[in-house]
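Residue-level structural notes
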Amino acid sequence: MNEILTASRVIGNDGNIRYDVLSEPTEYILGNKRRLNFMWDTGAFISVLSVANFVKNRDSEDYKRLEKSIDEDAEFIDYNSVSGSGKGVLRKIKNLRINGLLIDSFYFLLVKDVKRVINGKEYYASVSLLGADFIDFCKYEHDVENDIIVNCFDNCKYSEYHNSYRYKGKDMVYTDLFAIEAV
């Protein structure tokens, strides 16, 4: 089988193991070419991206606009995870490329960056998770203490799932995050 995506096994400074997936650098907002650095997370029911994944500068108008879109969206979802908690809104982006995989529409929960305090100093951390809603449509191999190798992804079933899924009795409707296509 052909490898189309790799979730690289990484041992952090703290000794914890995680699996990282890097997208190709993409400019979703003019002047903000960003690489999405996902963590493979089977415990997340939905993929999650926070605002800093698209715009790093917290003082920019684009950053404030994205945060405001979360605050003002009446169709929000309360979430609670190891990465943080708060409210998120359903969004999608077009043409996300991760390794050899092109995802026509990538569906996710847009959340605010998570405020953290370490050694009395406050900072904001971005969240970027590939959740079970994505992982369920991958066929992959995972050898002992090694990377996760994705050999197949069903783009059609992935889109069908997100266009028909209901959460707590409500249809999940994903809004295009940006009016532009990925560059």
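Since the structure is predicted, the reported quantities are computational estimates derived from the model, not experimental observations. (Residues numbered from 1 in each chain as written. Predicted model: local features only at pLDDT ≥ 70, side-chain atom pairs only at ≥ 80, totals over all residues. Heavy atoms only, no water.)

Turning to the overall build of the protein, a few remarks are in order. Broken down by element type, the protein carries 3 helices and 17 strands. In terms of overall size, the protein behaves like a compact globule, its C-alpha atoms giving a radius of gyration of 16 Å where 183 residues would be expected to give roughly 16 Å. Each principal axis of the C-alpha distribution contributes one length, and for the protein these read about 45 × 45 × 35 Å. For the protein, with 183 residues in total, the buried portion stands at 46%. (Helix = DSSP H or I, 4+ residues; strand = E, 2+ residues; numbered from the N terminus. Rg over C-alpha atoms; globule rule 2.2 N^0.38 Å. Buried < 20%, exposed > 50% of the residue type's maximum accessible area, 1.4 Å probe, protein only.)

Attention now moves to the packing of aromatic side chains. For any pair of aromatic rings, the description rests on two quantities: the centre-to-centre distance and the angle between the ring planes. Counted according to the given criterion, the structure contains 12 aromatic pairs. Taken together, a centroid distance of 5.4 Å and an interplanar angle of 85 degrees make the contact between Trp 40 and Tyr 140 edge-to-face. Separated by 100 residues along the polypeptide, Trp 40 in strand E5 (residues 37-40) and Tyr 140 in strand E13 (residues 138-142) bring together distant segments of the chain. The partly exposed category is assigned to Tyr 140, whose relative accessible area is 36%. Here the aromatic rings of Phe 134 and Tyr 158 are separated by 5.9 Å at their centres, their planes lie at 85 degrees, and the arrangement is edge-to-face. Within this pair, whereas Phe 134 is found in helix H2 (residues 132-135), its partner Tyr 158 is found in helix H3 (residues 155-164), the two being separated by 24 residues in sequence. Comparing Phe 134 with Tyr 158 shows no difference in burial state: the two are buried. Through successive ring pairs, a cluster of aromatic residues spans Phe 38, Phe 54, Phe 106, Tyr 107, Phe 108, Phe 134, Phe 137, Phe 153, Tyr 158, Tyr 161 and Tyr 174. Above the plane of the ring of Tyr 124 lies Arg 58, whose end atom (NZ or CZ) is 3.5 Å from the centre. (Phe/Tyr/Trp six-rings, centres within 6.5 Å; stacked < 30°, edge-to-face > 60°. Lys NZ or Arg CZ within 6 Å of the ring centre and 35° of its normal.)

Okay, the pairing of strand E2 (residues 17-22) next. In this structure, strand E1 (residues 5-11) lies alongside E2, joined through 4 bridges in antiparallel fashion. Within E2, the residue paired with Ile 11 across the bridge is Ile 17. What sits between the antiparallel neighbours E1 and E2 is a turn of 5 residues, in which Gly 15 has the positive phi angle 90 degrees. As paired strands, E2 and E5 are joined by 3 bridges and run antiparallel to one another. The partner of Leu 22 across the bridge, within E5, is Asn 37. (Pairing = 2+ DSSP bridges.)

The tendency in soluble globular proteins is for nonpolar side chains to be buried side by side. One finds Trp 40, Phe 54, Phe 106 and Phe 134 to be the most contacted residues of the largest nonpolar core, which totals 52 residues. In terms of residue count, the dominant contributor to this core is strand E9 (residues 101-111) (8 residues). Once you skip the residues sitting within four places of it in the chain, Phe 106 turns out to touch Phe 38, Ser 47, Leu 49, Arg 91, Lys 92, Ile 93, Leu 96, Leu 130, Phe 134 and Tyr 158. (Core = buried A, V, L, I, M, F, W, Y, C linked by side-chain atoms within 4.5 Å. Contact = heavy atoms within 4.5 Å.)

You will see that Asn 95, though not glycine, has its phi angle at about 55 degrees, which is positive. Along the chain, Asn 95 turns up in strand E8 (residues 84-98). For Asn 99, which is not glycine, the phi torsion reads 50 degrees and is therefore positive. Considering the arrangement of structural elements, one finds Asn 99 in the loop between E8 and E9.

Next up on the list: the confidence of the model for the protein. Residues of the protein with pLDDT of at least 70 account for 94%, and the chain-wide mean is 86. Within the model, the stretch residues 179-183 combines pLDDT values under 50 with 13 contacts to residues more than four positions away or in other chains. (pLDDT = per-residue confidence, 0-100.)

Summed over all chains, the structure comprises 8 salt bridges. For Asp 113, the salt bridge goes to Arg 58, with nearest N and O atoms at 4.0 Å. Remark: Arg 58 occurs in the loop between strand E6 (48-50) and helix H1 (61-72) and Asp 113 occurs in the loop between E9 and strand E10 (114-118); sequence separation between them is 55 residues. Asp 62 is the partner of Arg 65 in a salt bridge, and the nearest nitrogen-oxygen pair spans 3.5 Å. Of the two residues, Arg 65 and Asp 62 are both situated in helix H1; the distance of 3 residues between them amounts to about one turn of the helix. Residue class for Arg 65 comes out partly exposed when judged on its relative accessible area of 40%. (Salt bridge = Lys/Arg side-chain N within 4 Å of Asp/Glu carboxyl O.)

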